[in-house]
Amino acid sequence: MKTNIAVLVSGGGTNLQALIDAQKEGIIKSGEIKLVISNNPDAFALERAKKADIATLVCNKKELGDKFEDAIISVLEENKID
């Protein structure tokens, strides 16, 4: 059984792309990227995730205020992220 992984991003997503590539190449054996979360709706990392058929979500800290962290925790739980 693989560990469900979420990646938090805010920009271009070069690190995310490295993880996606490693997953495709079988380097990451015990986990699978299931969700990419960004605080920036314009982050190119979201496009990288969509291209790899990975679910995405934007959590805007300005809109959520003090509930930002709780919202992320809730999303992680809803998506069964380990």
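What you are looking at is a predicted structure, and each value in this text was computed from that prediction instead of being measured.

Enquirer: Let's hear about the environment of Gly13: which residues, and what values?
Expert: Residue position: Gly13 is located in the loop between strand 1 (3–9) and helix 1 (14–24). Between the C-alpha atom of Gly13 and that of Ala45, which follows or precedes it by 32 residues, the distance is 4.1 Å. Leave out the neighbours within four places in its chain, and Gly13 touches Ala45 and Arg48.

Enquirer: I'd like a rundown of unusual backbone geometry, residues and numbers included.
Expert: Backbone geometry at Asp53 places phi at a positive 60°, although glycine is not the residue there. Looking at the element boundaries, Asp53 is found in the loop between helix 2 (44–51) and strand 3 (55–58).

Enquirer: Residues and numbers for helix 2, please.
Expert: The complete set of buried residues in helix 2 reads Ala45, Leu46 and Ala49. Take helix 2 and look down its axis: the buried residues cluster within an arc of 105°, on one side only. In this structure, the buried side of helix 2 is in contact with strand 1, helix 1, strand 2 (31–38) and strand 3. Downstream of helix 2 by a residue or two, Asp53 has a phi angle that is positive, lying close to 60°.

Enquirer: I'd like to hear about the side chain of Asn4, residue by residue, with values.
Expert: Assignment of secondary structure puts Asn4 in strand 1. Engagement of the side chain of Asn4 in a polar contact is seen with the backbone oxygen of Lys80, the distance being 2.9 Å. If sequence neighbours within four positions are ignored, Asn4 has contacts with Glu32, Lys34, Lys80, Ile81 and Asp82.

Enquirer: Describe the side chain of Ser38, with residues and values.
Expert: Following the sequence through the fold, Ser38 ends up in strand 2. Judged by relative accessible area, which is 1%, Ser38 ranks as buried. Apart from the residues lying within four places of it in its own chain, the contact partners of Ser38 are Val9, Ser10, Ala43, Leu46, Leu57, Val58 and Cys59.

Enquirer: So what about helix 4 (residues 68–78)? Which residues, and what values?
Expert: Here helix 4 has its buried residues at Phe68, Ala71, Ile72 and Val75. The arc enclosing the buried residues of helix 4, seen along the axis, measures out at 100°, which places them on a common side. Within helix 4, the exposed residues directed more than 90 degrees away from the buried face are Glu69, Asp70 and Glu77. In the core, the buried residues of helix 4 are packed alongside strand 1, strand 2, strand 3 and helix 3 (61–64). Positive backbone phi, approximately 55°, marks Lys80, located one or two places after helix 4.

Parameters and conventions
- Residues numbered from 1 in each chain as written.
- Predicted model: local features only at pLDDT ≥ 70, side-chain atom pairs only at ≥ 80, totals over all residues.
- Heavy atoms only, no water.
- Helix = DSSP H or I, 4+ residues; strand = E, 2+ residues; numbered from the N terminus.
- Contact = heavy atoms within 4.5 Å.
- Buried < 20%, exposed > 50% of the residue type's maximum accessible area, 1.4 Å probe, protein only.
- Arc of directions from axis to C-beta.
- Polar contact = N/O pair within 3.5 Å; in protein donor to acceptor, adjacent residues only side chain to side chain.

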